[in-house]
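Examining the three-dimensional arrangement
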Amino acid sequence: MMPMNGGRPPVSPERWQMAARMHRLHWRLKWSHCDTARRKARFLLRLGLQPVLAVARAAVGTRRYGREVARVAGVPRWRQFLQQCAIGARFFGFTPDTYYRYKIHSESYFGQLQLEVADQLFLTGALRNDGFSTFGASARRHWYPKASAAWEFTEALGGGTGLLSFGKLRAAWGQAGNEPPVYGTVGGLTAAPLLDGGWGSNFVTSALGQGGVYTGLSRAQPDLKPERTSELELGADLSFLQDRIALGATWYHARTEDAILLARVTPSTGYFQQLRNAATLRNRGVELSLQMRPVQRRGLSWEIEGTWAHNDNRVLSFGDTATEFVVLQGGFASATGAAYRGGRVGVLQGNDYARCGRGLVVGGVDIDAACGTGARKDALYIAADGFPILDPTLRVIGDPHPDWTASLRNSLNLGAVQLMALLDVKQGGDLWNGTRGALYSYGTHRDTEQRASCQRVAGRLQCSGNERVFGQDLLPGAVAGPGAGTAVPIGENWWRTGLGTSFNGVNAPFIEDGSYVKLREVALSYSVPGRYAQRLGLSGIGLRVAGRNLKTWTDYTGLDPETNVAGGTNLRGVDYFTNPQTRQWILSVDLNR
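We now turn to the structure provided with this report. All values reported here derive from a predicted model rather than from experimental measurement. (Residues numbered from 1 in each chain as written. Predicted model: local features only at pLDDT ≥ 70, side-chain atom pairs only at ≥ 80, totals over all residues. Heavy atoms only, no water.)

**What to know about the overall build of the chain**
- If you tally the helices and strands in the chain, you get 8 helices and 34 strands.
- Counting only contacts in the chain whose residues sit at least 6 apart along the sequence, the fraction spanning at least 24 positions is 65%.
- Roughly 35,100 Å² of accessible area belongs to the chain as shown, and the carbon and sulfur atoms make up 55% of that amount. (Helix = DSSP H or I, 4+ residues; strand = E, 2+ residues; numbered from the N terminus. Contact = heavy atoms within 4.5 Å. Areas by Shrake-Rupley, 256 points an atom, 1.4 Å probe, with all protein chains shown as cover.)

**Considering the sheet that holds strand β24 (residues 430–433)**
- One open sheet accounts for 3 strands, arranged β30-β24-β33; its pairing is mixed. Since the sheet does not close on itself, it has two edges, and those belong to β30 (511–513) and β33 (574–575), each with one partner.
- Here helix α6 (residues 434–442) sits on the sheet and contacts β24, β30 and β33; the angle it forms with β24, its principal contact strand, is near 25°. (Pairing = 2+ DSSP bridges. Axes fitted to C-alpha atoms, helices over the stretch in contact; angles between N-to-C directions.)

**What about the sheet that holds strand β16 (residues 336–340)?**
- The strand order β15-β16-β17-β21 describes an open sheet built from 4 strands, whose pairing is antiparallel. The sheet is open, and its two edges are formed by β15 (325–327) and β21 (390–398), each paired on a single side. Across the sheet, the axes of successive neighbouring strands diverge by a mean angle of 40°, strand direction being ignored.
- Two strands pair when backbone bridges link them, and β16 and strand β17 (residues 345–353) are joined in this way by 4 bridges, in the antiparallel orientation. When the bridges of β17 are listed, Thr 336 appears paired with Gln 349.

**Focus on the layout of surface pockets**
- The calculated volume of the second largest pocket comes to roughly 620 Å³.
- Mapped onto the lining of the second largest pocket, the elements with two or more residues apiece are β12 (245–264), β13 (273–297), β14 (300–318), β22 (404–414) and β24.
- With 4 residues, β14 is the largest single contributor of residues to the lining of the second largest pocket.
- A class-by-class count of the residues in the lining of the second largest pocket yields 10 nonpolar, 13 polar and 6 charged. (1 Å grid on protein atoms, 1.4 Å probe; cavity = no way out; pocket = protein on both sides within 12 Å on 5 of 7 lines; lining within 4 Å. Points joined across faces, edges and corners; volume = space filled by probe spheres on them. Nonpolar A, V, L, I, M, F, W, Y, C, P; charged D, E, K, R; others polar.)

**Re α6**
- Taking burial as the measure, the 9 residues of α6 include 7 buried ones, the bulk of the element.
- Where α6 is concerned, the buried positions are Gly 434, Thr 435, Arg 436, Gly 437, Ala 438, Tyr 440 and Ser 441.
- Where α6 is buried, its residues meet β24, α7 (492–495), β30 and β33. (Buried < 20%, exposed > 50% of the residue type's maximum accessible area, 1.4 Å probe, protein only.)

**Focus on the pairing of strand β25 (residues 453–457)**
- Among the 5 residues that make up β25, 0 are buried, leaving the element largely open to the surroundings.
- Pairing between β25 and strand β26 (residues 460–464): 5 bridges, direction antiparallel. Bridging from a neighbouring strand, Arg 456 pairs with Leu 461 of β26.

**A word on the pattern of salt bridges**
- Using the criterion set out here, one finds 25 salt bridges in the structure.
- The closest approach of N and O atoms between Arg 282 and Asp 312, which form a salt bridge, is 2.8 Å. Here Arg 282 is found in strand β13, whereas its partner Asp 312 is found in strand β14, with 30 residues between them in sequence. No difference in accessibility class separates Arg 282 from Asp 312, as the two residues are buried. (Salt bridge = Lys/Arg side-chain N within 4 Å of Asp/Glu carboxyl O.)

**Things to note about a nonpolar patch on the surface**
- Together, Trp 302, Leu 412, Leu 414, Val 417, Leu 419, Leu 524, Tyr 526, Leu 543, Val 545, Leu 587, Val 589 and Leu 591 make up a nonpolar patch on the protein surface, roughly 1,100 Å² of accessible area in all.
- Elements that contribute at least two residues to the nonpolar patch include exactly β22, β23 (417–427), β31 (516–528), β32 (540–554) and β34 (584–592).
- By secondary structure assignment, the location of Val 417 is in strand β23. (Patch = residues over 30% accessible without salt bridge, like charges linked within 9 Å, V, L, I, M, F, W, Y side chains within 5 Å.)

**Considering the environment of Asp 320**
- Looking at the element boundaries, Asp 320 is found in the loop between β14 and β15.
- Distance in space between the C-alpha atoms of Asp 320 and Ala 279 is 9.0 Å, their sequence separation being 41 residues.

**Some remarks on the packing of aromatic side chains**
- In the structure shown here, the tally under the stated rule is 12 aromatic pairs.
- Between the aromatic rings of Phe 132 and Phe 135, the centroid separation amounts to 5.4 Å while the plane-to-plane angle is 55°, which identifies the pairing as tilted. This pair shows no difference in class: Phe 132 is buried, exactly as Phe 135 is.
- These aromatic residues form a ring-pair network of at least three members: Tyr 353, Phe 387, Phe 470 and Trp 494.
- For Lys 518, the ring lying beneath its charged end belongs to Tyr 516, and the centroid distance is 5.5 Å. (Phe/Tyr/Trp six-rings, centres within 6.5 Å; stacked < 30°, edge-to-face > 60°. Lys NZ or Arg CZ within 6 Å of the ring centre and 35° of its normal.)

Set out below in structure tokens:
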């Protein structure tokens with residue numbers, strides 16, 4: 001009689017357990033709907049003796065988001081209640097608080113296969129399909145594949161021995177999407193203040209308790225697609241001397257297609273801007289890590305961890321050949337962020353003083369000719385009255401991206417006591433100090449303490465005293481032009497009504513180097529001996545005191561080179577009366593049962 005297993009020799013219990021442990025096929029289907037109720041169903045199918053691990057998931061849901069934009073602190077609860085009611089606005093004249101809410105529907109499916117060969121080669125392939133209500137009507141769903149491979153080559157060498165304890169080579173490629181902003185495809189109405197009256201008040205849409213809305217300033221884009229990033233990553237992980245030294249290196253190259261930017265449109269359309277899939281971007285860089293244990297003994301250990309990273313991003317192209325740059329959201333009137341063709345995303349653009357060698361003609365004056373043949377390129381042009389003049393050309397004035405970043409962590413363990421210190425380093429990266437430019441105009445900055453005596457005569461500001469020479473004791477550097485070397489009075493005529501403040505169009509002089517070294521954290525921890533913790537019915541007690549942002553070493557003249565007025569947008573490097581990082585002292589007690 002033929003055996004039931006088809007004539008094959010019987011499988012031993014040991015082989016069966018090993019095969020069941022190493023070669024299983026898992027199929028999971030997860031369905032979730034997050035609305036007023038939640039429904040979940042799971043299906044688990046197991047098949048033995050298959051050399052792959054497969055996982056599939058599906059998720060359908062609704063994501064709600066609401067945020068309170070403005071609320072006056074210290075308002076009594078009864079008044080807060082009336083503020084939310086029409087009767088409070090109509091009869092008591094209270095201004096209602098401002099809210100905005102949005103809701104996004106999403107539907108995603110995910111499948112993944114994993115293959116393990118000889119305990120050393122690991123292969124993964126995955127496919128994801130996303131659908132979001134923020135996608136344009138032209139393509140409601142999008143596919144995102146990925147694949148990776150990792151080879152622990154020390155296993156092929158018989159395991160880690162001698163100098164090399166562990167070695168792994170890895171490679172990965174994949175695509176990911178970034179969903180469009182909400183309402184970008186449909187537009188909508190808004191109650192936000194319309195236009196800014198400078199130092200005056202805004203034009204609001206509500207009065208005497210009666211609300212109002214108007215069509216938003218952004219034009220709907222019904223064909224908006226998600227951003228798609230394709231990334232290739234190569235790396236290696238090595239350990240030496242029985243894991244006392246570990247090195248990690250990663251190189252990556254990412255290309256983003258259909259990058260979403262807020263482009264300007266002709267005002268005659270009734271709008272000022274429109275979201276568009278307007279750019280192709282590239283990011284590539286290197287990340288390195290080092291871990292060391294110089295001392296590793298019973299009751300005493302010292303660990304050092306360091307990281308170093310460099311990233312370079314570029315705008316490869318825009319949607320049309322005529323566009324040279326696109327202004328980014330979250331900028332400031334005096335130093336706006338922009339993406340330039342061939343340049344980096346988020347560079348700062350603005351105006352500078354007129355300089356030699358730029359081919360400028362300002363007010364009918366050929367600047368290069370007026371500078372003379374011996375003038376240095378980019379020398380500051382000084383007009384006949386002894387003052388610089390404005391270069392009306394909008395140009396890149398700064399790049400907030402660092403040349404590289406690094407961190408260094410030291411940890412010393414002595415019995416139950418641990419001392420840890422962390423340093424963060426950023427080298428390079430420009431920062432626009434708008435605070436300094438504003439304080440110049442207000443006359444409250446230290447640089448303006450010595451000033452000329454100014455008074456208005458026949459409607460004109462006339463100043464005397466505090467004479468200085470541009471290029472020597474003010475804006476030091478090379479100068480040229482008919483007024484070079486002329487001493488002029490410096491006071492309100494320069495700091496407030498002239499080009500000495502960022503309020504009057506010149507932004508480049510307020511660009512500073514944002515490099516820094518920060519003592520990010522110092523922490524001291526103590527683990528209470530177990531016998532004392534057990535007396536309290538606990539398995540362990542931990543005490544920890546830590547300080548964060550304790551010290552900053554920088555040449556930046558503002559409060560903090562890490563500050564950014566644009567918040568979490570793509571724009572960095574803008575400081576305008578922005579709060580610095582807070583210094584914190586933390587005391588914690590951990591009780592474990």
